[in-house]
Amino acid sequence: MKIEIKRGSPVKLPGNCLVVPMLKHNRLTSIAAEINTASDGVLHQLATKSAFKGEIGATTVFYNLPGIKALRVMLVGIGKKKEIDGKTARKVIEAVMKRLQQEHCTNAAITFPFEETTAEMHYSLIRETALYAENSIYRFDECKSKPSKQTPVDKITLITAGIDNQCAKNAVAHGRAIADGMKLARDLSNLPGNICTPTYLAAKAQKMARKYTKFSSKILNEKEMQKLKMGALLSVSRGSRQAAKLIVMEYKGGNKDQQPVVLVGKGLTFDAGGISLKPPGKMDEMKYDMCGSASVFGALQACAELKLPLNVVGIIPSSENMPDGDANKPGDIVTSMAGLTIEVLNTDAEGRLILCDALTYAERYKPDVVIDIATLTGACIVALGHHTSGLMANNQKLADALIAAGNQAGDKAWQLPLGDEYHKQLESNFADIANIGGPAAGSITAGCFLSRFTEEYTWAHLDIAGTAWQSGKHKGATGRPVPLLLNYLLNKATG
Ligand code: BES
Ligand code: MN
Ligand code: ZN
């Protein structure tokens, strides 16, 4: 989609539709008043005669208004003046995009309630509008023999008259980069397990390294992982015909001596559960067990697109988890790269097994912080549903920064505790640690397991089991938590 900025008056702009914000009870925003005047008061007269009342996300469309060049004017409700924020912008743009599709508009010009908000809010309104305009037209057609017929909106013009031009440009660039990062994450995630294998993800990393400057990738094969003694990771892959890969991507936008942010993403391209086989219902959705890694790809692409002055490393342990004569068996004991022995009491708790070796590998980057992102536990869906990601950390400042970043981006995370009392659940009679902690507090004991491998650095863990994809009629990847990660990195880049 083309997203452009125009600074003049929208009244004389040709096009399919001019989108105009209205306050609750049809109070005119300043921009609506300007357009109303150009229409000789007809716009407001029509609005007051309609059922439209300016509630957040309500829309109504009028054709051929006098004095307005665009074919249609769409009024969209933005609620009360003091409620205008990023969250409102997201709701509003989603409603606008839906209505534009219904009206078969392929382009639109969007105006904003800038006069009604502070200068700091201008950035959010533009960024979230650009981001969710792009995100809302997403379709995954790659595996259909014919693409869908729908003609999506292909051009959005943002009317930014009266505000700081650099601010508007940054907001559009950031919104676009995050949207493209989400699109990449969603595309990789939606691909089926027979296409999106560890080898496929590795090739994608190498492709990105060729495309972007300051970007490199390194792929470790099973032999190289054996040399590093990644016994936990390799044990998960043993039952699979697909070779495991450890995918490393480095984006070097910062100074040479700047310590990197390391993002570790679970890249389980299909999780059948192994010998502790999953029940068949919805098992297809376990192709999404690589959504953590997809968000690392998306975040790194956005860093490269925006040329952020940061060093960011992506580490992706990638494998399948399949039942097989050579697969992990309940009771097997494996030795991790860190030297800790692990009793595999349930082969379906495999995410922590591949992540622990990747987290040990992360030490060599002397990281500023390490954030792992994983579809780790069904228990996280029980605890937080599909709206909020689970967050655990060994450092409160990092946890707070991630929560704040998620709130700003509408990509929320909620912190769960870690602690000795939970670590007890992971005690094993035969090895240093067990890979499951029983039915109670399943997300927390998974976090505790990981924390045994992250003692050398500042670390946070995002459990995205409930937020990375949707089931049912709208089955598909969401692109989360790319917005949270990018907001965190943008905040870091601007100090
Ligand atoms: N990938 C799953 C977690 C998952 C399940 C995410 C359902 C989203 C939806 C993970 O590998 C897993 O199987 N976890 C087990 C852990 C248990 C055996 C301790 C789970 O959550 O059931
Ligand atoms: Mn599993
Ligand atoms: Zn899994």
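Residues numbered from 1 in each chain as written. Chains lettered and ligands numbered in written order. Predicted model: local features only at pLDDT ≥ 70, side-chain atom pairs only at ≥ 80, totals over all residues. Heavy atoms only, no water.

*Asks:* Describe the sheet that holds strand S13 (residues 341-344), with residues and values.
*Replies:* Neighbouring strands of a sheet are bound in pairs by backbone hydrogen bonds; such pairs are parallel or else antiparallel. Reading across from one edge, S12-S13-S17 is the order of the 3 strands in this open sheet, with mixed pairing throughout. The open sheet terminates on both sides in strands that have one partner only, identified here as strand S12 (332-335) and strand S17 (433-434). Of the strand pairs in this sheet, S12 and S13 are connected by 4 bridges, and their pairing is antiparallel. Its bridge partner lying in S13, Asp332 is registered against Val344. (Pairing = 2+ DSSP bridges. Helix = DSSP H or I, 4+ residues; strand = E, 2+ residues; numbered from the N terminus.)

*Asks:* Residue-level account of the coordination of the zinc ion (ligand 3), with values.
*Replies:* The zinc ion (ligand 3) binds to the protein through Lys266 (NZ), Asp271 (OD), Asp289 (OD) and Glu350 (OE); the donor distances cover 2.0 to 2.4 Å. Site description for the zinc ion (ligand 3): donor spacing in sequence, K-x4-D-x17-D-x60-E. Note on Lys266: relative accessible area 2%, which makes it buried. (Donors = N, O, S within 2.8 Å, 3.2 Å for Na, K, Ca; no water. Buried < 20%, exposed > 50% of the residue type's maximum accessible area, 1.4 Å probe, protein only.)

*Asks:* Account for the site of ligand 1, naming residues and giving values.
*Replies:* The local shell around ligand 1 holds 17 residues, among which Lys278, Asp289, Asp348, Glu350 and Gly378 are the closest. Here a nitrogen atom of ligand 1 and a backbone polar atom of Thr375 are 3.3 Å apart. The separation between a nitrogen atom of ligand 1 and a polar main-chain atom of Leu376 is 3.5 Å. Considering ligand 1 on its own, with 520 Å² of exposed area, one finds that the protein chains cover 77% of that surface. Grouping the constituent residues of the shell around ligand 1 by class yields 6 nonpolar, 4 polar and 7 charged. (Near = heavy atom within 4 Å. Polar contact = N/O pair within 3.5 Å; in protein donor to acceptor, adjacent residues only side chain to side chain. Areas by Shrake-Rupley, 256 points an atom, 1.4 Å probe, with all protein chains shown as cover. Nonpolar A, V, L, I, M, F, W, Y, C, P; charged D, E, K, R; others polar.)

*Asks:* Requested: an account of the nonpolar core, with residues and values cited.
*Replies:* The biggest cluster of nonpolar side chains holds 99 residues, and the ones touching the most others in it are Leu100 and Ile371. Taken together, domain 1 (2-161) and domain 2 (179-494) each give at least three residues to this core, which thus spans both. When neighbours within four sequence positions are excluded, Ile371 is seen to be in contact with Val261, Val262, Leu263, Val264, Leu402, Ala460, Leu462, Leu485 and Tyr488. Among the nonpolar cores identified, the runner-up in size contains 44 residues, and Ala232, Ile315, Tyr361 and Leu426 belong to it. (Core = buried A, V, L, I, M, F, W, Y, C linked by side-chain atoms within 4.5 Å. Domains from an automatic or database assignment. Contact = heavy atoms within 4.5 Å.)

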